[in-house]
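Now for the letters of each chain:
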Amino acid sequence: MDEELKNAIIDEVENIEYGLAQLKEMLEKEKIPPIMPEKCPCCGGIAGAQLSGSVWIECRKCGLQTKGYNLVEKAIEAWNRRV
Ligand SMILES: [Zn+2]
């Protein structure tokens, strides 16, 4: 297997594990839902968290997104502030 591809996959898996660990920690602290992303200010579409190295909020409909953050709460906060 191509070494670069292998490393990219390992990175992605680590990101997912990191995201899941964060989610588990929030659940354990009963912080779910901490804050939910509001509807898209642009089109009213449903927004969700995306994870790839960092976490950001992206509209499922029009693709509007925040910049990347290290914490999902930070990304949601930024989204809700209408970045
Ligand atoms: Zn949108």
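Reference entry: report on the structure contained in this document. (Residues numbered from 1 in each chain as written. Predicted model: local features only at pLDDT ≥ 70, side-chain atom pairs only at ≥ 80, totals over all residues.)

**Considerations on helix H2 (residues 72-80)**
Our working definition: Residues are called buried when their C-beta atom has 20 or more other C-beta atoms within 10 Å, exposed when it has 12 or fewer, and partly exposed otherwise; all C-beta atoms are positioned from the backbone. Under the DSSP-based scheme used, a helix requires at least four consecutive residues in state H or I and a strand at least two consecutive residues in state E, with every element numbered from the N terminus. The directions from the helix axis to the C-beta atoms form the arc being described. A residue pair is marked as a contact if its C-beta atoms, positioned from the backbone, fall within 7 Å.
Within H2 the residues assigned to the buried category are Val72, Ala75, Ile76 and Trp79. The buried residues of H2 occupy one face: seen down the axis, they fall within an arc of 100 degrees. Considering only its buried residues, H2 is in contact with helix H1 (3-28), strand S1 (47-52) and strand S2 (54-59). Count one or two residues on from H2 and you reach Arg82, which has phi positive near 65 degrees.

**Some details on H1**
Applicable threshold: One fewer than the residue count of a helix, multiplied by 1.5 Å, yields its expected span.
Along its 26 residues, H1 runs 37 Å from first to last C-alpha, staying within 8% of the 38 Å computed at 1.5 Å per residue. Burial of H1 is sparse: only 0 of the 26 residues sit out of reach of the surface.

**Description of the nonpolar core**
The following threshold applies: Among buried residues, those of type Ala, Val, Leu, Ile, Met, Phe, Trp, Tyr and Cys that are joined through C-beta atoms within 7 Å form a set called a nonpolar core.
Listed in full, the 10 residues of the largest apolar core are Cys40, Ala47, Val55, Trp56, Ile57, Cys59, Val72, Ala75, Ile76 and Trp79. Elements supplying a minimum of two residues to this core: S2 and H2. Apart from residues no more than four positions distant in its own chain, Ile57 is found in contact with Pro37, Ala47, Ala49, Gln65, Thr66, Ala75, Ile76 and Trp79.

**Let's talk about the environment of Asn7**
Mapping Asn7 onto the fold places it in helix H1. Residue classification places Asn7 among the exposed positions, given that 10 C-beta atoms sit within 10 Å. Put simply, Asn7 and Tyr69 are 62 residues apart on the chain and 22 Å apart in space, counted from C-alpha to C-alpha.

**Description of the pairing of S1**
Regular strands show a simple pattern: their side chains alternate between the two faces of the sheet. Threshold: When DSSP finds two or more bridges between two strands, those strands count as paired.
The pairing of S1 with S2 spans 6 bridges and is antiparallel. Considered in S2, the bridge of Leu51 is made with Val55. Joining the antiparallel neighbours S1 and S2 is a turn of 1 residue, in which Gly53 adopts a positive phi near 85 degrees.

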